[in-house]
Amino acid sequence: MADAKVIPFDDDRSRARRRSARADGEAAAVRALPGPQEPELPGTRAPVEEPAGPAAPEPPAAGGDWERRLAGGLAFLRRRITGDYEVDEFGYDEELTDQVLMSLLRPLYEKYFRVEVKGVENIPDEGGALIVANHSGTLPLDGLMMQVAVHDHHPAGRHLRLLAADLVFVLPVVNELARKAGHTLACAEDAERLLRSGEIVGVMPEGFKGIGKPFGERYKLQRFGRGGFVSTALRAGVPIVPCSIVGAEEIYPMVGNARTLARILGLPYFPLTPTFPWLGPLGALPLPTKWTIQFGEPIPTDSYAPEAAEDPMLMFNLTDQVREQIQHTLYKLLVQRRSVFF
């Protein structure tokens, strides 16, 4: 299989974003040239036909939509086989993400969790921004659902680049899919480069403490680390968009943690839920809870001086402001929620 072309991250990516269809060419109208014309002989004028009224529209060709889908799918396969597609230096494959990965996640997003999105207009139409969200659910499905929410609902069709933990990039298959979907290692250097290049970056500062907390502590935010995400946003001069996710806490109610087994397997925790591992693979099926994702008002950072990123008190205050805004929104959404499942 031919290798895909790797493009510089800050290169013009318009070649990979060909979303506008090419307009069909229109026949040019033929007009008589100026100047003398040959005289018209009597009786040679063609009879003028009366208009017969508007012509009935032709019925669409049977199977036309199916044929277009088939042709598009075959063209996609040809590009994948020949390597005629592009990835950036982080491994992000926009075409594969748009046409395959998002299509696989969308039924889970729309039909299973029935995600409701609010405040997506708070994400800027252009330029970089850092989305900071709570983390929960035992498995990190909330990050994927947030990625679909930005992809499908933002009016400018923006893409979310998630910062993921080291464990994601050591797991077979998961590592490759994460790279293709635009995820990258959760380090300040990668995050700052993405933000400076105008990308929307998503981070969940709670990390494993958030998704691995017991069910009794649901919707109680854990510590947000040392505020590294605030420092990154200050250096890049991009706004911070708080994001609150309700519904993920209940998909795998974690009632216990087999720590010894987790150490043997090299995992941060081994969850015990009412269904897992007692029901085997069936117990790994998440509960069909009703989700709400709300993006809050952005917190600007471009008014601070460059050296502000080294001010620990400022980072502490901004971190606390973001955390309090997410927690307050979580409580508000929980009060408004009618049921866990509806």
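Residues numbered from 1 in each chain as written. Predicted model: local features only at pLDDT ≥ 70, side-chain atom pairs only at ≥ 80, totals over all residues. Heavy atoms only, no water.

Draft legend 1. Up close: the overall build of the protein chain. Looking only at helices and strands, one finds nine helices and 11 strands in the protein chain. Looking at the protein chain residue by residue over its 342 residues, the buried ones come to 42%. Pairs at least 24 residues apart make up 78% of the contacts formed inside the protein chain by residues separated by at least 6 positions. With an accessible surface of roughly 20200 Å², the protein chain has 59% of that area assigned to carbon and sulfur atoms. (Helix = DSSP H or I, 4+ residues; strand = E, 2+ residues; numbered from the N terminus. Buried < 20%, exposed > 50% of the residue type's maximum accessible area, 1.4 Å probe, protein only. Contact = heavy atoms within 4.5 Å. Areas by Shrake-Rupley, 256 points an atom, 1.4 Å probe, with all protein chains shown as cover.)

Draft legend 2. Here's a closer look at the nonpolar core. In terms of nonpolar packing, the biggest core is built from 30 residues, with Leu130, Val132, Phe229 and Val322 touching the most fellow members. Elements supplying a minimum of two residues to this core: β4 (129-133), α5 (188-196), β7 (200-203), α7 (228-236), β8 (240-246) and α9 (312-336). The greatest single-element share of this core, amounting to seven residues, is contributed by α9. Contact partners of Phe229, with chain neighbours within four places excluded, come to Leu130, Val132, Val203, Pro205, Phe224, Thr319 and Val322. Membership of the second largest hydrophobic core comes to 29 residues, among which are Ala129, Val148, Val150 and Met204. (Core = buried A, V, L, I, M, F, W, Y, C linked by side-chain atoms within 4.5 Å.)

Draft legend 3. Local environment of the side chain of Asp142. Inspection of the secondary structure assignment puts Asp142 in helix α3 (residues 141-153). Of the side chains bearing the opposite charge, Lys213 lies closest to the buried Asp142, which forms no salt bridge; the N-O distance is 7.8 Å. From its side chain, Asp142 meets the backbone nitrogen of Ser136 in a polar contact 2.9 Å long. With residues near it in sequence (within four places) discarded, Asp142 still touches Asn134, His135, Ser136, Met204, Ile245, Ala248 and Trp291. (Lys, Arg positive; Asp, Glu negative; His and termini not counted. Salt bridge = Lys/Arg side-chain N within 4 Å of Asp/Glu carboxyl O. Polar contact = N/O pair within 3.5 Å; in protein donor to acceptor, adjacent residues only side chain to side chain.)

Draft legend 4. Region of interest: the pairing of strand β11 (residues 292-295). Alternating residues of β11 divide into Thr292 and Gln294 and Ile293 and Phe295, and every residue in both groups is buried. Bridge count for strand β3 (residues 116-118) against β11 is three bridges, and the pairing is parallel. Pairing of Lys118 across the sheet is with Gln294, part of β11. Where β8 meets β11, four bridges bridge the pair, whose relative direction is antiparallel. Within the sheet, the bridge partner assigned to Ser244 lies in β11 and is Gln294. (Pairing = 2+ DSSP bridges.)

Draft legend 5. Molecular detail of helix α2 (residues 94-112). With 19 residues, α2 should cover 27 Å at 1.5 Å per step; its first-to-last C-alpha distance of 25 Å lies within 8% of that length. Residue Met102 marks the point of greatest curvature in α2, where the axis turns by about 45°. All of the buried residues along α2 are Glu94, Glu95, Leu96, Thr97, Leu101, Met102, Leu105, Arg106 and Tyr109. Where α2 is buried, its residues contact α1 (64-82), β3, α3 and α4 (174-180). A distance of 3.4 Å separates the backbone nitrogen of Glu95 from a side-chain oxygen at the start of α2, and that oxygen is part of Asp93. Where α2 terminates, the next one or two residues include Arg114, which has phi positive at roughly 45°. (Expected span 1.5 Å × (residues − 1). Bend = angle between axes of the 7 residues up to and from the residue.)

Draft legend 6. Here's a closer look at the packing of α7 against α9. Where α7 meets α9, the closest approach of the two axes is 9 Å, and the angle between their N-to-C directions is 110°. Put simply, α7 runs roughly perpendicular to α9. Along its contact with α7, which presents Phe229, Val230, Ser231 and Leu234, the element α9 presents Leu314, Met315, Leu318, Thr319 and Val322. Residue composition of the contact of α7 with α9, by class: seven nonpolar, two polar and no charged. (Axes fitted to C-alpha atoms, helices over the stretch in contact; angles between N-to-C directions. Parallel < 35°, antiparallel > 145°, perpendicular 65-115°, else oblique. Nonpolar A, V, L, I, M, F, W, Y, C, P; charged D, E, K, R; others polar.)

Draft legend 7. Broad picture of the packing of α2 against α3. For the pair α2 and α3, the least separation of the axes is 10 Å and the interaxial angle reads 110°. Looking at the two axes, α2 sits roughly perpendicular to α3. Of the residues in α3, those in contact with Asp98, Met102, Leu105, Arg106, Leu108, Tyr109 and Glu110 of α2 are Leu144, Met145, Gln147, Val148, Ala149, His151, Asp152 and His153. Grouping the amino acids of the contact of α2 with α3 by side-chain chemistry returns eight nonpolar, three polar and four charged.

Draft legend 8. Up close: the side chain of Glu95. Secondary-structure assignment places Glu95 in helix α2. A relative accessible area of 18% places Glu95 in the buried class. Those residues in contact with Glu95 that sit more than four places away from it in its chain are Phe76, Arg79, Arg80, Tyr85 and Val100.

Draft legend 9. Local environment of a nonpolar patch on the surface. Taken together, Trp66, Leu70, Leu74, Leu77 and Ile81 make up a surface patch of nonpolar side chains, about 540 Å² in accessible area. Looking at where Ile81 falls in the secondary structure, it is placed in helix α1. Take Ile81: its relative accessible area is 54%, and that puts it in the exposed class. (Patch = residues over 30% accessible without salt bridge, like charges linked within 9 Å, V, L, I, M, F, W, Y side chains within 5 Å.)

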